[in-house]
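Residues per chain are reported as follows:
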Amino acid sequence: MNTDPIADYLTRLRNAIRAKHRVVEIPASNIKKEITKVLYEKGYIQNYKFDETGPQGLIKIALKYNPVTKQPAIVDLQRVSRPGLRQYRGADHLPRILNGLGVAIVSTSKGVMTDKEARTMNVGGEVLCYVY
């Protein structure tokens with residue numbers, strides 16, 4: 001049993017990047033699918049596919065690397081809000097990651113989005129993770 005599925009998701013991505021894998025498979029959930037869509041929209045992953053076979057399904061993520069230097073697009077993933085200590089922020093107190101170069105993924109009442117999108121829509125929520 002996994003008590004924090006989002007931390008497991010981020011750890012699987014982190015481990016696959018460090019091992020220079022091209023594709024990583026992660027057990028699916030609705031929140032993980034939304035986080036994956038945000039990562040794809042912001043250019044941190046190359047592609048993704050939702051595989052609905054089995055009771056839970058899988059998310060297959062193609063990781064993105066620089067073709068010349070072979071450096072990954074994702075430098076670091078940090079879990080912010082966790083089951084033991086939830087982190088909620090209002091729209092005016094959302095963090096800026098690396099002065100706007102990174103993104104904070106926020107779960108709001110209008111869906112999962114980046115900190116910049118949440119600020120423009122003037123909604124706050126739970127800060128799930130930082131990506132840069």
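Residues numbered from 1 in each chain as written. Predicted model: local features only at pLDDT ≥ 70, side-chain atom pairs only at ≥ 80, totals over all residues. Heavy atoms only, no water.

As annotated in an unreviewed UniProt entry, the protein carries the name Small ribosomal subunit protein uS8 and comes from Nibrella saemangeumensis. For the record of the protein, the UniProt heading Function (unreviewed entry) holds the text "One of the primary rRNA binding proteins, it binds directly to 16S rRNA central domain where it helps coordinate assembly of the platform of the 30S subunit." Of the comments in the UniProt record for the protein, the one headed Sequence similarities (unreviewed entry) reads "Belongs to the universal ribosomal protein uS8 family." (UniProt positions renumbered as here; feature names shortened; annotations may be inferred.)

Visitor: Give a description of the nonpolar core that names residues and reports values.
Guide: Residues Leu 13, Leu 39, Ile 61, Ile 105 and Val 131 are the most contacted members of the largest nonpolar core, which totals 26 residues. For this core, the secondary-structure elements that each account for two or more residues are α1 (5-18), β1 (23-27), α2 (30-41), β3 (58-63), β6 (103-108) and β8 (125-131). Counting residues per element, this core draws most heavily on α1, at six residues. For Ile 61, the contacting residues outside a window of four places in its chain are Tyr 9, Leu 13, Arg 22, Val 23, Val 24, Ile 26, Thr 36, Ile 45, Asn 47 and Tyr 48. Formed by nine residues, the second largest nonpolar core is a distinct cluster that contains Val 80, Ile 97, Ala 118 and Val 127. (Core = buried A, V, L, I, M, F, W, Y, C linked by side-chain atoms within 4.5 Å. Buried < 20%, exposed > 50% of the residue type's maximum accessible area, 1.4 Å probe, protein only. Helix = DSSP H or I, 4+ residues; strand = E, 2+ residues; numbered from the N terminus. Contact = heavy atoms within 4.5 Å.)

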